[in-house]
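Residue-level listing of the chains:
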Amino acid sequence: MKAIKEISGKAYPFGRKNVDTDVVIPAHWLKTISREGLGKGCFETVRKEPGNVFEDEAYKGSPILIAGDNFGCGSSREHAAWALLDMGITAVIAPSYSDIFSGNAFKNGILAVALPQDAIDRLMEVAKTDPITIDLEHQTVTTPFQDRFTFEIDPFRKHCLLNGLDEVGLTMARNTAISSYEDKARDALPFLAKGIAA
Amino acid sequence: MTANPRTLYEKIWDAHVVERQDDGTSLIYIDRHLVHEVTSPQAFEALRVAGRKVRRPDLTLAVPDHNLPTTARLDSAGKRLPIADAESAQQLAALEANAPAFGIRYIGATDREQGIVHVVGPEQGFSLPGATIVCGDSHTSCHGGLGALAFGIGTSEVEHVLATQTLLLTQSKTMEVRVEGDLGVGITPKDLVLHIIGVIGTAGGTGHVIEFRGKVFEEMSIEGRLTVCNMSIEGGARAGLVAPDDKTIAYLKGRPLAPKGDDWDKAVAWWKSLATDPGAKFDKSVVIQAADVQPTVTWGTSPEDTVAIGGVVPAPESFADASKQDAARKSLDYMGLEPGQRMDEVEVQNVFIGSCTNSRIEDLRAAAAVLKGRKKAAGVKWAIVVPGSGLVKAQAEAEGLDKVFIEAGLEWREPGCSACLGMNPDKVPAGERCASTSNRNFVGRQGPGARTHLVSPAMAAAAAVTGKLTDVRTLV
Ligand code: SF4
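Residues numbered from 1 in each chain as written. Chains lettered and ligands numbered in written order. Predicted model: local features only at pLDDT ≥ 70, side-chain atom pairs only at ≥ 80, totals over all residues. Heavy atoms only, no water.

## Points about the sheet that holds strand β7 (residues 140-142) of chain A
Backbone hydrogen bonds are what pair the strands of a sheet, in a parallel or an antiparallel way. All names here are of chain A. Strand order in this open sheet of 4 strands is β1-β6-β7-β8, and the pairing throughout is antiparallel. Pairing within the sheet leaves two strands with one partner each, and these edge strands are β1 (6-9) and β8 (148-150). If you compare each strand with its neighbour and ignore which way they point, the axes differ by 10° on average. Two strands pair when backbone bridges link them, and β1 and strand β6 (residues 132-135) are joined in this way by 4 bridges, in the antiparallel orientation. Along β6, the bridge assignment pairs Ile7 with Ile134. (Pairing = 2+ DSSP bridges. Helix = DSSP H or I, 4+ residues; strand = E, 2+ residues; numbered from the N terminus. Axes fitted to C-alpha atoms, helices over the stretch in contact; angles between N-to-C directions.)

Put into structure tokens, the structure is as follows:
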């Protein structure tokens, strides 16, 4: 996973509340075999609305998405995080997130920043013309106009994101403990420890 | 003897802790990992991208089941027939490539042993008592019928298990569902588990692992226990368990992947030590009277919406809380039912006998016993029997059950998940009803607009004969 120190660039001023994962990536995109290519289906229904931000040339390729309350509610599909990433979005700024989405975002290296609604309103304004900078190290969101908002993040998640550590990698780093369990199991529970041949 | 009496769940948990962490989670070792074509492609892709291997391919078994059509897979010349749906074909092809690439034993779409993961695992002796078993499918709880700690996981956890053979978990609370007395004549494990979910509700087991206890389960066959544990997830539980006993041991002995020789003897000794100690405490306890269990059907769109076949569709106002009243109204609207309507007058146009809940040989025998010498009702347009595996299919054919089904006007299919979920071609048309032996009656589960009534195999067969939900006891 890529380490995140700072994300700076344009932001989609989407702002909608209660965006569920079916809006992020509709169900018919789920029968895929890859995490890649889902960006095409990301916000598929929203893209059909006149004047939407995702089809607007001014915001194409933005690394940041600004949304309303309760982002990522609904079904637990991890495809929502994969779709955002595939579209180039590596950070979301919203007042709140569903638990499952914030977990899935973290697992996939997306920074989910929570800021109060008045900060969101201001950033929505700025995003129309100017870039936004998220500094994970110092936990701030700033604009070229001296705006400076601080945000909270779980220290463990911050550490993982800053260093590009994913959960699988973290557990793999505990190889000694896993191997020593396996050694013990070979004696104590050989009928479980012995596998089957391919 | 340990000082503290422990439950079966606690013994299995303790035996699998790799490391305890300060935050209350533990790294738990996984003994058996079942992989199918739908929830694995992105996990394998992630391994490939990161240059990682499967840590223990020898503890992993792959078999396709969810997407496979259940119509003939070979043409008359024995050549494999293509899968029409491009995405399903692609998922199958991905598994066929990933399994050998990562060194995993693979049971192919046209192999005799192919079947639904949760049928194949126990049948092959891959699933064992006291083991931790995971699969990217929620009904993995099924294997708890053997006394294994088994639960469903998502795609990133599939990746985590492939790479590390462990999962980071928080220990669940323990819950006992004790059934007292004996089941009445003609009452099956499916009726019992539907009844239990009706009593505890779909959130009744949330945060818990359920152990099913009492004489009824001791006397129940292993296949019956698998049916009960299969649906524990519908009661909100992480997993369901029945203590392994002599029946479990007899069931597993000699199965292809079960331990042999010295290992077998050690295994048996350990399995016999796993039962909950006298005096062990459960965090929650529910007692059910077996005599209360009737042939049970569902009326709504949640597995807790159960009622005895002799009962009526409930009025939404009869529920205590407002949100359940609201849910009931929506359910009845979707199901096209009126409060007060008798369940045994509800007509069905489709019958599905199959799924990991009820597609084993005993299930097929129970359905065939009802159908023998009878014909499907004219109003039933589509009725299929889908064996849980190629081996179940072969056994049923050896017993002549396939002929009973075909003579009664039902279709006899190839093994797979079929109409349990609308992912392969087997779907129930919108607005039509299906008496189904599967495990979920959610909105759209069997196809957009499909109306599902969950029942036992015998009850599904009875519905096929009469064209409506029917108390099977009136037919025998
Ligand atoms: S039969 Fe249904 S519940 Fe069972 S594994 Fe297949 S899809 Fe899942």
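## Remarks on the site of the ligand
Residues and elements named next belong to chain B. Taken together, His66, Ile116, His118, Asp137, His139, Ser355, Cys356, Cys417, Cys420, Leu421, Asn439 and Arg445 make up all the residues around the ligand. Classifying every residue of the shell around the ligand gives 5 nonpolar, 5 polar and 2 charged. Built from parts of two domains, the shell around the ligand gets at least three residues from each of domain 1 (8-170) and domain 2 (298-474). (Near = heavy atom within 4 Å. Nonpolar A, V, L, I, M, F, W, Y, C, P; charged D, E, K, R; others polar. Domains from an automatic or database assignment.)

## Topic: the nonpolar core
Core analysis: the biggest nonpolar cluster contains 72 residues, and Phe44, Leu61, Ile104, Leu162, Leu167 and Trp271 of chain B have the highest contact counts within it. Trp271 of chain B has contacts with Phe191 of chain A together with Leu128, Pro129, Pro244, Ile249, Leu252, Pro259 and Trp264 of chain B, leaving out every residue within four places of it along the chain. By size, the runner-up hydrophobic cluster in this structure holds 53 residues, among which are Ile116, Val307, Ile353 and Val380 of chain B. (Core = buried A, V, L, I, M, F, W, Y, C linked by side-chain atoms within 4.5 Å. Buried < 20%, exposed > 50% of the residue type's maximum accessible area, 1.4 Å probe, protein only. Contact = heavy atoms within 4.5 Å.)

## Digging into the domain arrangement of chain A
Splitting chain A by domain gives domain 1 (6-154) and domain 2 (166-198). Between the C-alpha centres of domain 1 of chain A and domain 2 of chain A there is a distance of 38 Å.

## Things to note about the pairing of strand β16 (residues 382-385) of chain B
Residue and element names in this part refer to chain B. Side-chain alternation along β16 places Trp382 and Ile384 on one buried face and Ala383 and Val385 on a second face that is also buried. Examined bridge by bridge, strand β15 (residues 350-353) and β16 share 4 bridges and lie parallel to one another. Bridging across to β16, Asn350 finds its partner in Trp382. Once you follow β15 into helix α12 (residues 361-371) and on to β16, the crossover reads as right-handed. Inspection of the sheet shows β16 paired to strand β17 (residues 411-412) by 2 bridges, in the parallel sense. Directly across from Ile384, in β17, lies its bridge partner Glu411. (Right-handed = clockwise from strand over helix to strand, strands pointing away.)

## What to know about helix α2 (residues 79-86) of chain A
Buried residues dominate α2 of chain A, accounting for 6 of its 8 residues. Gly88 of chain A, located one to two residues past α2 of chain A, shows a positive phi value of around 100°.

## Structural notes on the sheet that holds strand β8 (residues 166-170) of chain B
All names here are of chain B. Strand order in the open sheet made by the 3 strands is β1-β2-β8, with antiparallel pairing throughout. Both outer strands of the open sheet, β1 (17-20) and β8, are each paired with one neighbouring strand and no more. On average, each strand axis in the sheet is inclined to that of its neighbour by 25°, with strand direction left out of account. Here strand β2 (residues 25-29) runs beside β8; their pairing, made up of 5 bridges, is antiparallel. Across the sheet, the residue bridging to Tyr29 is Thr166, located in β8. In the packing of helix α1 (residues 8-15) onto the sheet, contacts are made with β1, β2 and β8, and the angle to β1 comes to roughly 80°.

## A closer look at the packing of helix α6 (residues 189-200) of chain B against helix α8 (residues 222-230) of chain B
Residue and element names in this part refer to chain B. At a minimum axis separation of 9 Å, α6 and α8 run at an interaxial angle of 25°. With respect to α8, the axis of α6 lies roughly parallel. When you trace α6 past α8, the crossing you get is right-handed. Contacts between α6 and α8 involve Pro189, Lys190 and Val193 from the former and Gly224, Thr227 and Val228 from the latter. The residue inventory of the contact of α6 with α8, partitioned by class, reads 3 nonpolar, 2 polar and 1 charged. (Parallel < 35°, antiparallel > 145°, perpendicular 65-115°, else oblique. Left-handed = near helix turned anticlockwise from the far one by under 90°.)

## Comments concerning the packing of aromatic side chains
Under the counting rule described, the total for this entry stands at 17 aromatic pairs over all chains. Ring plane angle 45° and centroid distance 5.1 Å describe the contact between Tyr12 of chain A and Phe54 of chain A, whose orientation is recorded as tilted. Of this pair, Tyr12 of chain A sits in strand β2 (residues 11-13) while Phe54 of chain A sits in the loop between α1 (21-24) and β3 (64-66), placing them 42 residues apart in sequence. What makes Tyr12 of chain A buried here is its relative accessible area of 3%. The positively charged end of Arg32 of chain B is found above the aromatic ring belonging to Phe126 of chain B, 5.5 Å away from the centroid. (Phe/Tyr/Trp six-rings, centres within 6.5 Å; stacked < 30°, edge-to-face > 60°. Lys NZ or Arg CZ within 6 Å of the ring centre and 35° of its normal.)

## Let's talk about the confidence of the model for chain B
Mean pLDDT over chain B works out to 96, with 99% of the residues at or above the 70 mark. Confidence metrics for the complex model read pTM 0.92 and ipTM 0.94. (pLDDT = per-residue confidence, 0-100.)

## Some details on the pattern of salt bridges
What the rule picks out here adds up to 38 salt bridges over all chains. Of the charged contacts, one joins Lys60 of chain A and Glu57 of chain A as a salt bridge, the two residues approaching to 3.6 Å between their closest N and O atoms. With a relative accessible area of 61%, Glu57 of chain A lands in the exposed category. For the salt bridge of Glu414 of chain B with Lys393 of chain B, the shortest nitrogen-to-oxygen distance reads 3.1 Å. A residue pair is termed long-range when its members are at least 10 positions apart, and Glu414 of chain B in the loop between β17 and β18 (433-436) and Lys393 of chain B in helix α13 (residues 390-398) qualify at 21 residues. For Glu414 of chain B, a relative accessible area of 23% corresponds to the partly exposed category. Each of the salt bridges in this network shares a partner with another, and the network as a whole consists of Glu176, Arg178, Glu180, Glu211 and Arg213 of chain B. (Salt bridge = Lys/Arg side-chain N within 4 Å of Asp/Glu carboxyl O.)

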